[in-house]
Structure formats: C-alpha cells, structure tokens
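Structural features, examined
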Amino acid sequence: MEEPVVSMKSITYAYERKNVLNDINFEIPRGVFMGVLGPNGGGKTTLIKLILGLLKPDNGNIRLFGQPIENFKDWGKIGFVSQKANSFNKGFPATVYEVVSMGLTAKIGYLKLFTSKHKKKVLQTIDQVGMSDYAYENVGSLSGGQQQRVFIARSLVSDPELLILDEPTVGVDQENVRKFYDLLHQLNDEHNITLLLVTHDTRTMTEHATDIVCVNKTLHFHGNPSEYKTLSNQDLSQFYGHPVNIVAHDH
Amino acid sequence: MLADFLEYDFLRHTFFTGLLIGIIAPLLGTFIVVRRLSLIADALSHVTLAGIAFGLFIDKKFALGITPLYSGMGFSVLGSIFIEKLRGVYKAYQELAIPIILSGGVGLSVIFIALADGFNTDLFNYLFGSVSAVSKTDFYSILGISVVIILVIRLFYRELVTLSFDEEHAVASGIHAKRIHLLFIILTALVIAASIRVVGVLLVSALMTLPVATSMRIARGFKQMIVFSIVFGELAVIIGLISGYYFSIPPGGTIVVVSIIMLLLAIGIKRYSFRRVTHETE
C-alpha cells in the first residue's frame, strides 16, 4: 500500500502546561482534499505547525512521506499558505515575481545560482494562478484575493506534493473565494496535489473536501462530508463544547 | 571642487573610503529597515565606540599600536552576537536587547575614555566623522571588508530576502533562520565599524537608514530599492564630504543633512506626481 503523506500517532502538545492537543491519531492519504474543522483555540493551527516542524510534539510521532519527521529533509515537497493577514511583512516592497521566487530559496539551497530554468518556472507558476498581468507590481498594492493567489504561487513553485492552507480565505470577497476553490480543485484533480485546508467555514468544506476531520483538543471526527452531515446536533455540540444549532450553520 | 580630494593623499583615502561605505551601508541598511531593526545600528555604533576607546586607551598606556579600527570592529562583532543571544532570551521583548547593548556601549566608552585621560580631538572625529582621518592602512582594511561584505550578501541574498519578507514561511520551507540572522548581524557590525571613521559613531545609523527611507518612496520591488538606496547613499557621501571639507564641518553632519534633503524631496515629488495623476484621471 502507498505510504500516507502524513501520519500522526498519539500526538500530544501542551503550551505553557495547557493541553492544546491530546492523543491525536490520523493519516492523510495521498491525493485527498482534507478539511480540518474546529472551533477557535481548538488546536487547528497547532496541528499544522506540528506537521510543518515549526513545533515539536511533547509525545507521539509524526511521519512525513513515510519518514520520521526528525529525519525529514525534503521540505520542498510540502507547501504552506498561512493566514496572509498575520504573516508577511507588509511594508516590504517586493514584486509578485520576487515573492514567488522566494518559494524556491530553500529548494535551490545555499550558494547555488538562480538560473533561467528557475526564472521560467516562476513565471509559469504566476501564470498558473492567473497573476501574469501583475508580475512586476508590488505585492502590497494588490487586493487581498490577489495577494492570496501570489502566496499560493509561492508555495506551488517548488512543486509540492502536499499543500497546507491555514484559513486562506479570511478577508477575501465571495467572488474570489469561489475562484480560489476552483484553483484548489484544479491542483487536486489535475496535478494530484494532496490538500490540507484549515477553516472554520463548515459549509464550504462539506461542499469541497473529500475528507473531513474535526479537531478540538482531540480528534472528534474523521470521515467524508456525507458522514459529517449525518452527525446529530448532540455530536456537534459535544465537539464544539457548547450547544450548536445545525440550521444556523447552514446559512 | 573634486580636485583637492584627488590631489592630497589623506583626502583621497577618505574620499574612496566614503565611496565604499556609500555602497555597503545602504546595502545592509535595506535589510535592516525592512526587518524593523533600525535601532540596532545605533546600539552597535555605541559598542564600536567602546571598542575604539578601548583601543585608544591601550595604545596610550601600553603603546601596543592596536589600530582603533580593529578594536572597534572586535567590540562591534561581539556586541552583535550578544544582541542576537539577548533577542533569543527575551523572545517577547526583542527590542529590549537594544537599550541593554546601547547603554552598555556608552558605559564602557566613558570608562575607557576616562582611563585614557579624557577627551581629545581624535575622539571628536570618531563621534562626528572627519574628512582627514582615514589612513592608507585603514582604507585598505575597509576595502577588504567591503569586498567580503558584498560577496557574502551576494551568496546569501535569496535566503536573506526570503527570511526578511516572511520568517514563518521561510522557516517552514526549511531555511535555517538562526544561522542567517547571526551572519547578517555580524555583517552589520562590520559595516558600522568600517563607516565610523567617515560619518562618526552618532551618525552612522543615518547613512544606513535615510537613503533606504528615501528609496522606499519610489522603488518598485526589493532589488530596485537596494539600487536606489545605494545611489542616494553615494550622493549623500560625495556631496557631504566635499561640502564638509570646504566649510570645515565634520562630514557626518553634512552627509546626514544631504540625506534628509533628498528624503524630503522624494516625499514632496511623490505627493506632487500623485496629485497630478489624480487630476488627469478626473
């Protein structure tokens, strides 16, 4: 059987003695579009940071592409798109071309040259996300939706096999959110990139994802969207830690 | 006006040193500004002063012939490593490293100056720069340092830019942030030590940040910002050195004033052209 892209076994992580994640076990099979749902403060972002090696678990082990995370070197296989609002340095005058090139920095490695092959790849990736007209504009002057496309291109340029997105559509308008999911489906279907998307937007996830996991301190649910829809209000309120009216969520 | 600078040895060395620091100070300054570390240059320049005072003191007491340039550089590099460590210790209060290092630098300077029997004109030159202070050996040392700095920046350019733009993403993609930070701050320390003879301790951070602030107003993209910063840095150094010489003013002062005038012009021109564009589209 093919190795899962990510596997987590009995993962526990505490921050300042407060348990954030407790006994998490799950696998991400190759080729899925997995949505991670959960309330704010439920540990969704922590889960991602553990997979990216930005945090180390207190207990348990993580394997990436079949290798223990401690020995994993091939970080170019994993692309990461963070919540754009928090992460990048807004005053930084970089063009779209420069930002997307940054996605290749780690892959090219120290003391090696950026060649015309790399340049072609960067331009091709900018084209793939539909930003060719803006290649030499400053990123700071673009709209939220356009910036998000640029950040996806930055992650795609290293040809990742797994793309991790943390609340990628926060602050992006409805029309662009739709285009954004079209792009994700194209990456998933045509390029066979495994997707892991963190969101609190339940409705969009049941519409687009192939797999859903629910995280609130521990793993509450793992299944496909139709199974998720059969969950009772009682299951959901247990998961969110407070009473939930499923009708309200369908709006 | 340039003739004197090319005719007399002592002026020529200052002039060529000025041209070198007109490149390396804004080059490093671009990264310092975008990473919001402008005050670190100030902290390190005061540590460099402590090193220079130490060199002058040792020289006076024991006549060992230590060049103050080298003792300044040694202190500056040690201070830079210490800043990086402090920033790791006080993760939530990273700016705390700056007053600690800055006051430490001033404190040590005062002690060594007093031990070396007080102020003299040489020290005044270190504080505000001088048009005649650069010796031939200083010039060659600074030339060597400049070449090394430019080469290292060239080699690690992509890593530096990627880390400065979005540290979290850079680390997630597998870049070793700690090593690159340390390398960067050591380079900064070297640039400051190299610049002090011409612009002075109190004004060296201005040459690293003002040309960048000017260039930021008009540049499109990071590479362009570096190029413009160096152009503005060179203009400030050349005009500042020549006018400093003819009016007998320490060049640190004239270089900073020229930089500020360019900054004001850039802000004014941008406003004017922006207003004109909006009028045309109406």
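Examining the overall build of chain B
Helices and strands together make up the secondary structure of chain B, namely twelve helices and zero strands. Listed N to C, the secondary structure of chain B is α-α-α-α-α-α-α-α-α-α-α-α in terms of helices and strands. Compactness check: chain B gives a C-alpha radius of gyration of 19 Å against a globular reference of 19 Å for 282 residues, within 12% of the reference. Each principal axis of the C-alpha atoms in chain B carries an extent, and together these give about 70 × 50 × 30 Å. Expressed as a percentage of the 282 residues in chain B, the buried residues total 50%. In chain B, once contacts between residues fewer than 6 apart in sequence are set aside, the share between residues at least 24 apart is 75%.

Observations concerning helix α2 (residues 9-34) of chain B
Residue and element names in this part refer to chain B. Its 26 residues give α2 an end-to-end C-alpha distance of 38 Å, which sits within 8% of 38 Å, the value for a rise of 1.5 Å per residue. Counting buried positions along α2 gives 20 out of 26 residues, so the element sits mostly inside the fold. Arginine 36 sits one or two residues past α2 and shows a positive phi near 55 degrees.

Digging into the nonpolar core
Judged by nonpolar contacts, the single largest core of 154 residues is most densely connected at Ile164 of chain A together with Ala53, Leu190 and Leu207 of chain B. Excluding its chain neighbours within four sequence positions, the residues that come into contact with isoleucine 164 of chain A are Ile48, Ile51, Leu52, Ile78, Gly79, Phe80 and Leu196 of chain A.

Here we look at the interface of chain A and chain B
Facing 21 residues of chain A, the contacting portion of chain B comprises 22 residues. Of all the secondary-structure elements, those providing two or more residues to the side of chain A that touches chain B are α3 (96-102) and α4 (105-108) of chain A. With three residues, the top contributor of residues to the side of chain A that touches chain B is α3 of chain A. The residue inventory of the side of chain A that touches chain B, partitioned by class, reads 13 nonpolar, seven polar and one charged.

A closer look at the confidence of the model for chain A
Residues and elements named next belong to chain A. Looking at chain A as a whole, its pLDDT mean stands at 86, while 93% of the residues score no less than 70. Averaged pLDDT values for the elements of chain A fall to 46 in helix α11 (residues 246-249) and rise to 95 in α3. In this model residues 246-251 is a low-confidence stretch, pLDDT under 50, and it forms six contacts with partners more than four residues away in sequence or in other chains.

What about the confidence of the model for chain B?
All names here are of chain B. Across chain B, pLDDT averages 88, with 95% of residues at or above 70. Highest mean pLDDT in chain B belongs to helix α11 (residues 222-247) (94); lowest belongs to helix α1 (residues 3-7) (76). Our summary of model confidence lists the complex with pTM equal to 0.84 and ipTM equal to 0.82.

Considerations on the pairing of strand β7 (residues 162-166) of chain A
Residue and element names in this part refer to chain A. Within β7, five of the five residues are buried, which leaves the element mostly enclosed by the surrounding structure. Residues of β7 alternate between two faces, with Leu162, Ile164 and Asp166 on one and Leu163 and Leu165 on the opposite face, all of them buried. In this sheet, β7 lies alongside strand β6 (residues 78-81) in parallel orientation, the contact comprising four bridges. Following the sheet pairing, isoleucine 78 is matched in β7 by leucine 162. Across five bridges, the pairing between β7 and strand β8 (residues 194-198) is parallel. Residue isoleucine 164 lies in a different strand from β8, and its bridge partner there is leucine 196. For the handedness criterion, the β-α-β arrangement of β7, helix α7 (residues 174-190) and β8 is classed as right-handed.

What about the sheet that holds β8 of chain A?
Residue and element names in this part refer to chain A. As summarised here, the arrangement of the six strands in space is β6-β7-β8-β3-β9-β10, forming an open sheet in which the pairing is mixed. The sheet is open, and its two borders are formed by β6 and β10 (218-223), each paired with just one other strand. If you compare each strand with its neighbour and ignore which way they point, the axes differ by 15 degrees on average.

With respect to the environment of serine 103 of chain B
All names here are of chain B. Summarising the element assignment, serine 103 is placed in helix α5 (residues 97-115). Classification of serine 103 as exposed rests on a count of 12 C-beta atoms within 10 Å. Here the alpha-carbon distance between serine 103 and valine 47, two residues 56 residues apart in the chain, equals 8.7 Å.

Let's talk about unusual backbone geometry
Most peptide bonds adopt trans geometry, and most residues besides glycine take a negative phi value. All names here are of chain A. Despite not being glycine, serine 10 shows a phi value in the positive range, around 35 degrees. Within the secondary structure, serine 10 sits in strand β1 (residues 6-15). Positioned with a positive phi, asparagine 192 is a non-glycine residue whose angle comes to about 55 degrees. Of note, asparagine 192 is situated in the loop between α7 and β8. Owing to 10 C-beta atoms within 10 Å, asparagine 192 belongs among the exposed residues under this scheme.

Parameters at a glance
Residues numbered from 1 in each chain as written. Chains lettered and ligands numbered in written order. Predicted model: local features only at pLDDT ≥ 70, side-chain atom pairs only at ≥ 80, totals over all residues. Helix = DSSP H or I, 4+ residues; strand = E, 2+ residues; numbered from the N terminus. Rg over C-alpha atoms; globule rule 2.2 N^0.38 Å. Buried ≥ 20, exposed ≤ 12 C-beta atoms within 10 Å, placed from the backbone. Contact = placed C-beta atoms within 7 Å. Expected span 1.5 Å × (residues − 1). Core = buried A, V, L, I, M, F, W, Y, C linked by C-beta atoms within 7 Å. Nonpolar A, V, L, I, M, F, W, Y, C, P; charged D, E, K, R; others polar. pLDDT = per-residue confidence, 0-100. Pairing = 2+ DSSP bridges. Right-handed = clockwise from strand over helix to strand, strands pointing away. Axes fitted to C-alpha atoms, helices over the stretch in contact; angles between N-to-C directions.

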